[in-house]
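Fold and geometry: a report
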Amino acid sequence: MTIDTACSSSLVAIHQAMRALRAGDCDAAIVGGTALMLMPSLTRSFQEAGMLSPDGRCKSFAAGANGYGRGEGCGVVVLKRLDDAQRAADPIVAVLRGSAINQDGRSAGLTAPNGPAQTALIRDALRDAGVTPDDIDYVEAHGTGTPLGDPIEWHALAAAFTGRSRPLALGSVKSNIGHTEAAAGIAGLIKAALAVRDGVAPPSLHHARRNPAITEGATPISVATAPVNGVRRAGVSAFGFSGTNAHVVIEAPPARATPARAALPSPVFQRERLPLPPLGAAEPSDRL
């Protein structure tokens, strides 16, 4: 199945695969996202629209945010139901707890996301995962590094995670590899999956000072400019300028039980002594 919802494409594909696995439509799903820059026309269009950063870097949520840098790449994951993966002794990187998608509806324009829609999306994903805002340690944000989109996303997150008793760490893989557009969702998911597996979220880059359009609210949020330890659960966001939004909640894999080693009998090697043929006799063909 090919899914094109612009920058949220691959995370929407993850959501669809999760639903198919839950419904029993399949026993495994291979989900990938890819983005290649093959012609200059799209880059020229984005540049003329003022969407791209002159230096090609995504400065997510930073005061110097001036557009995004395009990236390209491919990411692929294999999804299975947890019980099936454990029975097969598959290596489990992370567990996908829940997901949600929605549509922006009316907004101020193609590059202006809808904050309330993002807030509703994240709340739906938390509900589907059966977790509370306080259960999330880290959010892998959409965070393209645009002066308009970043503050809208930040304030939407603050509204979705209101009532937390501890700060929420925030990051964006786009600051590391650029905005891979249709592959952005799978890139963020892979980064977050490795973070919950290892218990550490890597830092975002190019962030010295917060975007001044971001106001401090009741929900304490900070950009992870240094490694964040103790990450067990994370949210991943991807928003498409098609208006389709996606959010996935993941957590660390369960501890893998070490199988008990049964005592094995000592091996006994026996060598059959075959009679030697007389000198000059031909070797029987059945011994070759």
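Below or above, wherever it landed, is the structure these notes cover. Bear in mind the structure is a predicted one, so any value in this text is a computation, not a measurement. (Residues numbered from 1 in each chain as written. Predicted model: local features only at pLDDT ≥ 70, side-chain atom pairs only at ≥ 80, totals over all residues. Heavy atoms only, no water.)

1. Topic: the sheet that holds strand 10 (residues 244-251)
Sheet architecture is open: six strands sit in the order 3-10-9-4-5-7, paired in mixed fashion. Taken across any chain shown, the strands that pair with only one partner, and hence form the sheet edges, are strand 3 (95-103) and strand 7 (221-223). Geometrically, the sheet is characterised by an average inter-axis angle of 20 degrees between neighbouring strands, direction not taken into account. Of the strand pairs in this sheet, strand 4 (residues 138-140) and strand 9 (residues 233-239) are connected by three bridges, and their pairing is parallel. Residue pairing across strands places Val 139 opposite Gly 235, the latter belonging to strand 9. Of the strands in this sheet, strand 3, strand 9 and strand 10 are in contact with helix 4 (residues 115-129), which crosses strand 3 at around 150 degrees. The strands that helix 5 (residues 149-160) touches are strand 4, strand 5 (168-171), strand 7 and strand 9; relative to strand 7, the one it contacts most, it runs at about 140 degrees. (Pairing = 2+ DSSP bridges. Helix = DSSP H or I, 4+ residues; strand = E, 2+ residues; numbered from the N terminus. Axes fitted to C-alpha atoms, helices over the stretch in contact; angles between N-to-C directions. Contact = heavy atoms within 4.5 Å.)

2. Here's the deal with the nonpolar core
Residues Leu 11, Ile 14, Val 31, Leu 79, Leu 189 and Ile 250 are the most contacted members of the largest nonpolar core, which totals 33 residues. Mapped onto this core, the elements with two or more residues apiece are helix 1 (9-23), strand 1 (28-35), strand 2 (73-80), helix 7 (184-198), strand 9 and strand 10. At seven residues, the largest contribution of residues to this core is made by helix 1. Sequence-distant contacts of Ile 250, that is, excluding residues within four places in its chain, are made with Val 95, Leu 96, Arg 97, Leu 189, Ala 192, Ala 193, Val 196, Arg 232, Arg 233 and Ala 234. Membership of the second largest hydrophobic core comes to 23 residues, among which are Leu 126, Ile 136, Val 139 and Val 223. (Core = buried A, V, L, I, M, F, W, Y, C linked by side-chain atoms within 4.5 Å. Buried < 20%, exposed > 50% of the residue type's maximum accessible area, 1.4 Å probe, protein only.)

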